[in-house]
Amino acid sequence: MVDNLINPVFSFHWEIQNPDRIIKDQSAVIVCNHQSALDVIGMMHIWPFFHPCLPVLKQELFWSGPFGIFCWLAGCVFLNRSNSEEARKLLNAKMNEMKEKKIKCWIFPEGTRNNEGHILPFKKGAFHIAVQSQLPIIPIVYTPYSKFYNPRERKFETGKTTITVLQPISTNGLTIGDIPMLTERVRNLMIEEFSKY
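Treat the numbers as computed from the prediction; the structure is a model and nothing was measured.

**A short note on the nonpolar core**
For step 1, the next point in the chain: In this structure, V29, V31, F127, I137, V186 and M190 are the most contacted members of the largest nonpolar core, which totals 28 residues.
For step 2, the next point in the chain: Going through the elements one at a time, strand 2 (29-32), strand 3 (53-58), helix 4 (84-101), strand 5 (104-107), helix 5 (125-133), strand 6 (137-142) and helix 6 (179-194) are the ones with two or more residues in this core.
For step 3, the next point in the chain: In this structure V186 touches V31, F122, F127, I137, P139 and I169, once residues within four positions along its chain are discounted.
For step 4, the next point in the chain: Counting 20 residues, the second largest nonpolar core, distinct from the first, contains M43, W47, I140 and V165.

This is the structure in structure tokens:
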């Protein structure tokens, strides 16, 4: 796996907490904080616990060279962030297929990378999908990288990251009107976990 090649080179250590909370044999929407490209390495590390899963990526990554081609071949979903309605329709169509095949969907609800030591406000796309499909949300939190990684300071040292799986959150019976409340509830739970480190 990718992480088995990269981790020894940079001496990354990943610890996974509560992987048993990942619902087996059922579709779900996974939401995760997004600090840097290192998140992808962590995703590969935890991948066996929630496979099959399709990450949702910004459309710009499709044109990023070999990485974009690899992601496209792997079936990743690319979203046009400048057209939220088009992005929502694409995700809705994809979720019907994912429910049938019991595939999970991984989304970074902050919408962009943020390595400033806090969690940005969430975009609501992931929560629209979860509510409209009546799928559970599984929040995942990466601990801060700041102790060993800071691109502004050109700091890139050995380090350890904990990936914590929070309790799944049911969307049964929720409607579109509940989405703002649900979004803030999930974000607050993730902030609480992130703040422990």
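**What about helix 2 (residues 38-50)?**
For step 1, the next point in the chain: The end-to-end C-alpha distance of helix 2 is 19 Å, a good match for the 18 Å that 13 residues give at a rise of 1.5 Å each.
For step 2, the next point in the chain: Residues L38, D39, I41, G42, M43, I46, W47 and F50 constitute the buried set of helix 2.

**Structural notes on the pattern of salt bridges**
Pairing is possible between side chains of opposite charge, provided their charged atoms come close.
For step 1, the next point in the chain: Counted according to the given criterion, the structure contains two salt bridges.
For step 2, the next point in the chain: In this structure, E15 engages K160 in a salt bridge whose closest nitrogen and oxygen atoms are separated by 2.8 Å. With E15 in strand 1 (residues 12-17) and K160 in strand 9 (residues 159-165), this pair connects stretches of sequence that are 145 residues apart.
For step 3, the next point in the chain: Residue E15 is classed as partly exposed on the basis of its relative accessible area of 29%.
For step 4, the next point in the chain: The partner of E193 in a salt bridge is K196, with the nearest N and O atoms 3.1 Å apart.
For step 5, the next point in the chain: Classification of E193 as buried rests on a relative accessible area of 8%.

Calculation rules
Just so you know, the residues in each chain are numbered from 1, in the order the chain's sequence is written. In view of the model being predicted, local features appear only for residues whose pLDDT reaches at least 70, and side-chain atom pairs are presented and counted only at 80 or more, with totals across whole chains, interfaces and linings using the full set of residues. With hydrogens and water set aside, each side-chain value is computed from the structure's full complement of heavy atoms. Grouping buried Ala, Val, Leu, Ile, Met, Phe, Trp, Tyr and Cys residues that are joined through side-chain atoms within 4.5 Å yields what is termed a nonpolar core. Buried means the residue's accessible area, taken with a 1.4 Å probe over protein chains only, is under 20% of the maximum for its type, while exposed means over 50%, and partly exposed covers the values in between. What counts as a helix is a DSSP run of H or I of at least four residues, what counts as a strand is a run of E of at least two, and both are numbered from the N terminus. Between two residues, a contact is recorded if the distance between any of their heavy atoms is within 4.5 Å. The span one expects for a helix is its residue count, reduced by one, times 1.5 Å. The rule for a salt bridge is simple: a side-chain nitrogen of Lys or Arg has to be within 4 Å of a carboxyl oxygen of Asp or Glu.

In short, shape yes, function no, at least from these values alone.
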